[in-house]
Amino acid sequence: MTLQDKLRSRFPHFDSVMAYIQIILGCLIGGAAYPLFLVPNSIAPGGLSGLAMVLNHLFHWPVGMTSLIMNIPLFLVGYKAMGKLFVWRSLVATVVFSLSIDLIKLPPMTVDPLLGTLYGGLLLGVGLGLILRGGATTGGTDMIARMVHSRMPFITVGVFLLMIDCVVVILAGAVMGTSEGLYAMISIFISSKVIDMVMAGFSSNKACFIITKQWDAVTRQILRDMNRGVTQLTARGAYSGEERPVVLCVASRQEVARLKDIVREADENAFMFVTEAHEALGEGFSKLAGGE
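What comes next is a walk through the structure.

Cut-offs applied
Residues numbered from 1 in each chain as written. Predicted model: local features only at pLDDT ≥ 70, side-chain atom pairs only at ≥ 80, totals over all residues. Heavy atoms only, no water. Helix = DSSP H or I, 4+ residues; strand = E, 2+ residues; numbered from the N terminus. Salt bridge = Lys/Arg side-chain N within 4 Å of Asp/Glu carboxyl O. Buried < 20%, exposed > 50% of the residue type's maximum accessible area, 1.4 Å probe, protein only. Pairing = 2+ DSSP bridges. Axes fitted to C-alpha atoms, helices over the stretch in contact; angles between N-to-C directions. Contact = heavy atoms within 4.5 Å. Phe/Tyr/Trp six-rings, centres within 6.5 Å; stacked < 30°, edge-to-face > 60°. Lys NZ or Arg CZ within 6 Å of the ring centre and 35° of its normal.

## Some words on the environment of Tyr183
Then, in step 1: Relative to the helices and strands, Tyr183 resides in helix α9 (residues 178–200).
Then, in step 2: Sequence separation between Tyr183 and Asn71 is 112 residues, and the spatial gap between their C-alpha atoms is 24 Å.

## Re the pattern of salt bridges
Then, in step 1: Inspection of the entire model under this criterion finds 8 salt bridges.
Then, in step 2: Notably, a salt bridge pairs Asp225 with Arg258, separated by 2.9 Å at the nearest N-O pair. Residue Asp225 is located in helix α10 (residues 215–226), and its partner Arg258 is located in helix α11 (residues 253–266); the two are separated by 33 residues in the primary sequence.
Then, in step 3: Under the relative-accessibility criterion, Asp225 is labelled partly exposed at 38%.
Then, in step 4: By relative accessible area, which is 32% here, Arg258 ends up partly exposed.
Then, in step 5: The salt bridge partner of Asp261 is Arg264, with a shortest N-O separation of 2.2 Å. Separated by 3 residues within a single helix, Asp261 and Arg264 lie in helix α11, roughly one turn from each other.
Then, in step 6: Here the salt bridges share partners, and the residues they tie into one network are Arg224, Asp225 and Arg258.

## Concerning the sheet that holds strand β3 (residues 243–251)
Then, in step 1: Across the sheet, which stays open at both edges, the 4 strands sit in the order β2-β3-β1-β4 with antiparallel pairing between neighbours. Edge positions in the open sheet fall to β2 (231–236) and β4 (271–276), since each of these has one partner strand only. Neighbouring strand axes in the sheet, compared pairwise and without regard to direction, differ in orientation by 25° on average.
Then, in step 2: Bridge count for strand β1 (residues 206–211) against β4 is 6 bridges, and the pairing is antiparallel. The residue bridging Cys208 from the neighbouring strand is Val274, located in β4.
Then, in step 3: Seen against the sheet, α10 touches β1, β2 and β3 and runs at an angle of roughly 20° to β3.
Then, in step 4: Contacting β1, β3 and β4, α11 crosses the sheet at an angle of about 10° to β1.

## Some thoughts on the packing of aromatic side chains
Then, in step 1: For the structure shown, the criterion picks out 5 aromatic pairs.
Then, in step 2: A ring pair is formed by Tyr34 and Phe97, whose centres lie 6.0 Å apart and whose planes are at 80°; its orientation type is edge-to-face. With a gap of 63 residues between them, Tyr34 in helix α2 (residues 14–38) and Phe97 in helix α5 (residues 84–103) connect regions that are remote in the sequence.
Then, in step 3: Classification of Tyr34 by relative accessible area gives buried; the value is 1%.
Then, in step 4: With 4.9 Å between their ring centres and 25° between their planes, Phe59 and Trp61 make a pair best called stacked.
Then, in step 5: Phe59 gets classed as partly exposed once you look at its relative accessible area, which sits at 45%.
Then, in step 6: Taken together, Phe209, Phe271 and Phe273 form an aromatic cluster joined through their ring pairs.
Then, in step 7: We note Arg89 situated over the ring of Tyr20; from NZ or CZ to the ring centre the distance is 5.5 Å.

Written out as structure tokens, the structure reads:
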């Protein structure tokens, strides 16, 4: 039993607590991206926070508080479209994230717009990725997007949010300057890619597919020597028309070498390919559980 499993057995609300820890940590990291990189270089990273930066440029309104004021009405309008737990966590994330932008008083790390774009997008992506992993979001725009999609299915949530980002980038270009608008597009791209990476996880696990005539021997050896689960997938060779199982085993990076030895010892003519398994959940790996 892993440490996480032991903690879950002792503390019934362990997953919920961990979710909120991820959310708070993500808010602090993402919020720090603004004073460190984005605000000093006038880079509006899309969404309502980006719109708040445009308003800050025009009227010197605080970015975090302006973003919060714009988000609250959207929550009130769109909360019925979402689950209660998601809405509550998102409300907490929005408040903490907005306050972090204004209350984290850190001096700018760079006034180079390119560096500000790259590192601001990176830091913001890490923060937002952690918030999403915690089962929350930082904007009421997500709720409105889901409501729009429910009434107009031909407009997907992603397309609606992309439209909002495009409007913000255009405004940023018109108000702050063309270069700032172009930098904002780069920042949005970087943060979206980093969000995907954080959501997928940084696990080094590998999914190993093995095609061999000695599938039974390979399976027994893996179960006995590696203590890893094995799945046999039914497959048919296109050339021979012969049916035989494909052995699937998920292993850590360190275990792949041992798995190759097992396959080679059982069948030197076996075919094996290894792919990334960004996140392995279940027996032998991280527990598959959701926070309540």
